[in-house]
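What follows is each chain in one-letter form.
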Amino acid sequence: VQPGDRLLVPGCGQARLAWELAHKLDGVDVVGLDSSHAQLSVARRMLDMTAERSLPFHPFLDEARNAGSTESRLSRLAAPDVAPGGTPPTLRLEHGGFDQEWVSARQQAGERPFDCVVSSFFLDCVPDTVAGVEAIHSALAPGGLWVCAGPLAYHHWPKLSPTLDQLTELAEEMGMELVLEPE
């Protein structure tokens, strides 16, 4: 990824990964996209914090399927490794569902494709894995890079997640070229 490139983090949640990428990759425009207003609201609050302290976050806020009670959904974890100090100017958080419709709307608006898509805790959450991989493929510029940081098989609802072999095969069937052996 080079300065001037565009990078997308679909399903960014509370934007810790998107922030880290925008912070470390100088000159790269990072878009964090999530379908949850609640997650993005927490992300914006966290990113505005400037004091050095343990940063609380709520990983199960929108995860009723993984946290059965209100108490467990509101459970708070601390991230002492994060002291954002404000949103990097190259980071933009957007509300929306990542699918072919979202990609098509961006293309019709004249936005150029993304040079890189980084997904983590994403494909195992979408109801249709094939549609998710198709949207990633469509969002990428020719020669673009998809980094799938996993995990797979974390969630079990609404269906089982693909195995690593299945995901690799699916990506190759769509014309993506494997550049590193999966781990």
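Structure shown above.
Predicted model, so just to flag it, every value in this text is computed and none were measured. (Residues numbered from 1 in each chain as written. Predicted model: local features only at pLDDT ≥ 70, side-chain atom pairs only at ≥ 80, totals over all residues. Heavy atoms only, no water.)

Draft legend 1. A look at empty space enclosed by the protein. In the structure shown here, the tally under the stated rule is one cavity of 30 Å³ or more. As a volume, the largest cavity reaches approximately 70 Å³. Lining the largest cavity are Arg6, Val103, Arg106, Gln107, Glu111, Arg112, Pro113, Phe114, Ser138 and Ala139. Elements with a contribution of two residues or more to the lining of the largest cavity: α4 (100–108) and α5 (129–139). Element by element, the count of residues in the lining of the largest cavity is highest for α4, at three residues. The class makeup of the residues in the lining of the largest cavity is four nonpolar, two polar and four charged. (1 Å grid on protein atoms, 1.4 Å probe; cavity = no way out; pocket = protein on both sides within 12 Å on 5 of 7 lines; lining within 4 Å. Points joined across faces, edges and corners; volume = space filled by probe spheres on them. Helix = DSSP H or I, 4+ residues; strand = E, 2+ residues; numbered from the N terminus. Nonpolar A, V, L, I, M, F, W, Y, C, P; charged D, E, K, R; others polar.)

Draft legend 2. Seen up close, a nonpolar patch on the surface. A cluster of nonpolar side chains, contributed by Leu145, Val147, Val179 and Leu180, occupies part of the molecular surface with about 370 Å² of accessible area. One can find leucine 145 in strand β7 (residues 140–148). (Patch = residues over 30% accessible without salt bridge, like charges linked within 9 Å, V, L, I, M, F, W, Y side chains within 5 Å. Areas by Shrake-Rupley, 256 points an atom, 1.4 Å probe, with all protein chains shown as cover. Salt bridge = Lys/Arg side-chain N within 4 Å of Asp/Glu carboxyl O.)

Draft legend 3. Looking closely at the nonpolar core. The biggest cluster of nonpolar side chains holds 22 residues, and the ones touching the most others in it are Leu8, Phe98, Leu123, Val133, Ile136 and Trp146. Secondary structure elements with two or more residues in this core: β2 (29–34), α4, β6 (114–119), α5, β7 and α6 (164–173). Looking at this core element by element, the count peaks at four residues for α5. Setting aside residues no more than four positions away along its own chain, phenylalanine 98 makes contact with Leu8, Pro10, Leu33, Val103, Phe122, Gly132, Ala135, Ile136 and Ala139. Listed in part, the 17 residues of the second largest apolar core include Cys12, Ala15, Ala22 and Leu40. (Core = buried A, V, L, I, M, F, W, Y, C linked by side-chain atoms within 4.5 Å. Buried < 20%, exposed > 50% of the residue type's maximum accessible area, 1.4 Å probe, protein only. Contact = heavy atoms within 4.5 Å.)

Draft legend 4. Main features of the layout of surface pockets. Each pocket or cavity is described by its volume, and for the second largest pocket that value is around 770 Å³. If you trace the second largest pocket, you find 27 residues lining it, with Trp146, Val147, Cys148, Leu178 and Leu180 closest to the centre. Where the lining of the second largest pocket is concerned, the elements lending two or more residues are β7 and α6. With nine residues, β7 is the single largest residue contributor to the lining of the second largest pocket. Here the residues of the lining of the second largest pocket sort into 18 nonpolar, five polar and four charged.

Draft legend 5. Looking closely at unusual backbone geometry. At alanine 15, a position not held by glycine, the phi torsion is positive, near 70°. Of note, phenylalanine 121 is a non-glycine position whose phi angle comes to about 55°, a positive value. Counting through the fold element by element, phenylalanine 121 comes out in the loop between β6 and α5. In this structure phenylalanine 121 comes out as partly exposed when scored by relative accessible area, which is 43%.

Draft legend 6. Main features of the pairing of β2. The buried fraction of β2 amounts to five of the six residues, a majority that puts the element mostly inside the structure. As defined by bridge partners, strand β1 (residues 6–10) adjoins β2 across five bridges and the pair is classed as parallel. When the bridges of β2 are listed, arginine 6 appears paired with aspartate 29. Following the chain from β1 across helix α1 (residues 16–24) to the adjacent parallel β2, one finds a crossover that is right-handed. Of the pairings in the sheet, the one linking β2 to strand β5 (residues 91–95) comprises five bridges and is parallel in character. (Pairing = 2+ DSSP bridges. Right-handed = clockwise from strand over helix to strand, strands pointing away.)

Everything listed here is a matter of coordinates, which is why it stays silent on function.
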